[in-house]
Amino acid sequence: MEPTVDRPAPQVTVADIRILLDSSAELPVLYINYGPGDDGGTEAELDVWAAALVYQPDIVLTRATALDELGEEPSSETIAAFLPKVQKAVDQMISVRGM
């Protein structure tokens with residue numbers, strides 16, 4: 001099942017990656033947070049939190065992986081070029097979850 005218009009996958013932004021890179025959490029990760037939707041279902045959004053406190057299958061990207069891919073001080077352009085790869089992972093994770 002692909003993400004749908006009524007249940008779209010959250011869009012990864014440069015700001016999401018910056019929040020991950022700047023997080024003070026221990027071993028921070030970007031993950032899909034499935035919160036309650038307006039219709040009683042679940043609505044997915046991206047969030048950053050400590051890896052130990054996140055359900056592992058919901059993790060999209062770790063700070064360590066982001067640093068490996070982007071370097072220590074990536075420009076906004078470098079991050080923007082990386083977004084399609086992260087977005088693809090988010091889309092696949094939403095598809096597998098069957099939202």
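Treat the numbers as computed from the prediction; the structure is a model and nothing was measured. Here the residue numbering is sequential within each chain, running from 1 through the sequence in written order. In view of the model being predicted, local features appear only for residues whose pLDDT reaches at least 70, and side-chain atom pairs are presented and counted only at 80 or more, with totals across whole chains, interfaces and linings using the full set of residues. Based on all heavy atoms of the structure, the side-chain values leave hydrogens and waters out of the count.

Let's shift gears to the overall build of the protein. Helix and strand counts for the protein come out as three helices and three strands. Helix numbers and strand numbers start at the N terminus; a helix is a DSSP run of H or I with at least 4 residues, a strand a run of E with at least 2. Seen in sequence order, the protein has helices and strands lined up from the N terminus as α-β-β-β-α-α. In the protein, buried positions account for 41% of the 99 residues. Summarising the internal contacts of the protein: among those between residues at least 6 apart in sequence, 69% fall at separations of at least 24. Burial status follows relative accessibility: with a 1.4 Å probe on protein chains alone, a residue under 20% of its type maximum counts as buried, one over 50% as exposed, and anything between as partly exposed. The contact criterion used is simple: two residues touch if any of their non-hydrogen atoms lie within 4.5 Å.

What follows is about the packing of helix 1 (residues 14–22) against helix 3 (residues 76–97). Running from N to C, helix 1 and helix 3 point in directions that differ by 110°, and their axes come no closer than 9 Å. Taken together, the axis directions place helix 1 and helix 3 in an arrangement best described as roughly perpendicular. Taking contact as the criterion, the partners of Val14, Ile17, Arg18 and Leu21 in helix 1 are, on helix 3, Ser76, Ile79, Ala80 and Leu83. Its residues placed into classes, the contact of helix 1 with helix 3 shows six nonpolar, one polar and one charged. Between N-to-C directions, angles cover 0 to 180 degrees, with each direction set by a line fitted to C-alpha atoms, over the stretch in contact for helices. What sets the label is the angle itself: under 35 degrees gives roughly parallel, over 145 gives roughly antiparallel, 65 to 115 gives roughly perpendicular, and the rest give oblique. Residue classes follow a fixed rule: Ala, Val, Leu, Ile, Met, Phe, Trp, Tyr, Cys and Pro count as nonpolar, while Asp, Glu, Lys and Arg count as charged, and any other residue, Gly among them, counts as polar.

Secondary-structure assignment places serine 23 in the loop between helix 1 and strand 1 (28–36). What serine 23 contacts, discounting residues up to four positions off in sequence, is Pro28, Val48 and Arg63.

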